[in-house]
Amino acid sequence: MSSPNATPPIKLLFVCLGNICRSPAAENLMNHLIEAQGLSDRITCDSAGTSGYHIGDPPDRRMTLAARQRGIPMQGAARQFQRSDFEHFDWILAMDEDNYDDILRLDPQGQYRHKVRLMCDFCTHSKARSVPDPYYGGPEGFNKVLDLLADACEGLLTHLQTSPEPLPRA
Ligand code: 4NP
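All values reported here derive from a predicted model rather than from experimental measurement.

Trainee: Pulling in residues and values, what's your account of the site of the ligand?
Mentor: In the region of the ligand, the neighbouring residues are C16, L17, G18, N19, I20, C21, R22, Y53, H54, D133, Y135 and Y136. One nitrogen or oxygen atom from the main chain of L17 is found 2.9 Å from an oxygen atom belonging to the ligand. The separation between an oxygen atom of the ligand and a polar main-chain atom of N19 is 3.2 Å. Here the ligand has 360 Å² of accessible area as a free molecule, and 94% of this is covered by the chains. Looking at the shell around the ligand, its residues break down into 7 nonpolar, 3 polar and 2 charged.

Trainee: Any chance you could break down the packing of helix α1 (residues 22-36) against helix α5 (residues 139-162) for me, citing the residues and the numbers?
Mentor: Orientation of α1 relative to α5, taken along the N-to-C sense of each, is 50°, at an axis distance of 9 Å. As judged from the angle between their axes, α1 and α5 are oblique. Handedness of the crossing formed by α1 with α5: right-handed. Within the contact between the two elements, α1 uses R22, A25, A26, L29, M30, L33 and I34 and α5 uses V145, L146, L149, A150, C153, E154, L156 and L157.

Scoring rules and cut-offs
Residues numbered from 1 in each chain as written. Predicted model: local features only at pLDDT ≥ 70, side-chain atom pairs only at ≥ 80, totals over all residues. Heavy atoms only, no water. Near = heavy atom within 4 Å. Polar contact = N/O pair within 3.5 Å; in protein donor to acceptor, adjacent residues only side chain to side chain. Areas by Shrake-Rupley, 256 points an atom, 1.4 Å probe, with all protein chains shown as cover. Nonpolar A, V, L, I, M, F, W, Y, C, P; charged D, E, K, R; others polar. Axes fitted to C-alpha atoms, helices over the stretch in contact; angles between N-to-C directions. Helix = DSSP H or I, 4+ residues; strand = E, 2+ residues; numbered from the N terminus. Parallel < 35°, antiparallel > 145°, perpendicular 65-115°, else oblique. Left-handed = near helix turned anticlockwise from the far one by under 90°. Contact = heavy atoms within 4.5 Å.

Here's what the structure looks like:
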């Protein structure tokens, strides 16, 4: 049991359009890294979609297969991003610019803008700006997503060790 004075965990929310391909992959991949590094009581993860297209659905089976081939089991059921997520989470990681804009549309005052970042901001190897939507493409798209997410998740985890809270932007 954690002590009453324990630092609360950092709460991460990964967001894409449908919450069945990219954001659940980011969530499960990050959980895998967090467990491997013994950080499970320090960082927690969830994911959501900006759309309601797939509410309640499990992760896409093509993504589940691609992730399993890398030893990452996929769990979860899709849900839609909601305004209360701004309060509950410390970091909100958008997979692409459309997701980023759709999230910020729900925060017209810009009160939570500092919490919302593009996932690829944390890549240290790839120069990609966004994690491309693999839904209508072939199997190689899912592997490309996993490569990018592995890069971004590792970068984000390193960033959180020194900067656990997002800074309000100037
Ligand atoms: P995701 O992929 O945003 O990475 O979960 C998609 C899933 C479903 C759809 C689009 C993208 N869709 O149009 O149903």
